[in-house]
Amino acid sequence: EEEGRRMRGECERVRLENEEYRRESTGLRERLKSVQSQLESMTHSYEMEKERRYDKEKEVEVVLTEKEEVVKKYQDLWKEVEDLRQERDAEERFVEVLEKQRDTMGEVVEESQREVEELREVNRTLRGQKDELKEELILVLETLSQYQ
């Protein structure tokens, strides 16, 4: 009987231990479910954030590509502007040369007109002298013919 009580006591202690283990096991299972749920939630959040990050990286790539295109267009336009400036400068220098040539030609024309007028005056003077010389020659010839 003593042995029976001791065994019953041992059974009761084991049963209580088993009940305690069962409660702990149930608590651990509930905690495990909670942790799994949190893990799933965190995993889902992580995946969503990963997708957003991927989308943002793609957007950044697109923006960088667009930036490169804009920079290239800007550089091309800047080169065109520089070429136009150089062309304008060359045209301005050409215009200056033409203006100088025009002024020089104007001076040459004026000088030539003065020379022409001088030559006309000389020509008139020579014609007048020619007529005088002609008359003198006629007189000389007449005088000579009288002496002959």
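Residues numbered from 1 in each chain as written. Predicted model: local features only at pLDDT ≥ 70, side-chain atom pairs only at ≥ 80, totals over all residues. Heavy atoms only, no water.

Colleague: So what's going on with the overall build of the protein? Residues and values would help.
Modeller: Broken down by element type, the protein carries 1 helix and 0 strands. Computed over C-alpha atoms, the radius of gyration of the protein comes to 62 Å, more than 25% over the 15 Å expected from 2.2 N^0.38 for 148 residues, which places it beyond the range of a compact globule. When its C-alpha atoms are laid out on the principal axes, the protein stretches across 210 × 15 × 15 Å. Sorting the 148 residues of the protein into buried and exposed places 0% on the buried side. Roughly 14500 Å² of accessible area belongs to the protein as shown, and the carbon and sulfur atoms make up 55% of that amount. (Helix = DSSP H or I, 4+ residues; strand = E, 2+ residues; numbered from the N terminus. Rg over C-alpha atoms; globule rule 2.2 N^0.38 Å. Buried < 20%, exposed > 50% of the residue type's maximum accessible area, 1.4 Å probe, protein only. Areas by Shrake-Rupley, 256 points an atom, 1.4 Å probe, with all protein chains shown as cover.)

Colleague: Give me the lowdown on the pattern of salt bridges, citing residues and values where you can.
Modeller: Counting across every chain of the model gives 21 salt bridges. Across the salt bridge formed by Arg 15 and Glu 19, the nearest N and O atoms sit 3.3 Å from each other. Pair noted here: Arg 15 and Glu 19 are both in helix 1 (residues 2-147), with a separation of 4 residues, about one helical turn. Note on Glu 19: relative accessible area 28%, which makes it partly exposed. Among the ionic contacts, a cluster of salt bridges with common partners joins Glu 12, Arg 15, Glu 19, Glu 20 and Arg 23. (Salt bridge = Lys/Arg side-chain N within 4 Å of Asp/Glu carboxyl O.)

Colleague: Quick one: what's the story with the packing of aromatic side chains, residue by residue and with numbers?
Modeller: Inspection of the entire model under this criterion finds 1 aromatic pair. Taking the centre distance of 6.3 Å and the plane angle of 20° together, the rings of Tyr 74 and Trp 78 count as stacked. Of this pair, Tyr 74 and Trp 78 both sit in helix 1, separated by 4 residues, roughly a single helical turn. (Phe/Tyr/Trp six-rings, centres within 6.5 Å; stacked < 30°, edge-to-face > 60°.)

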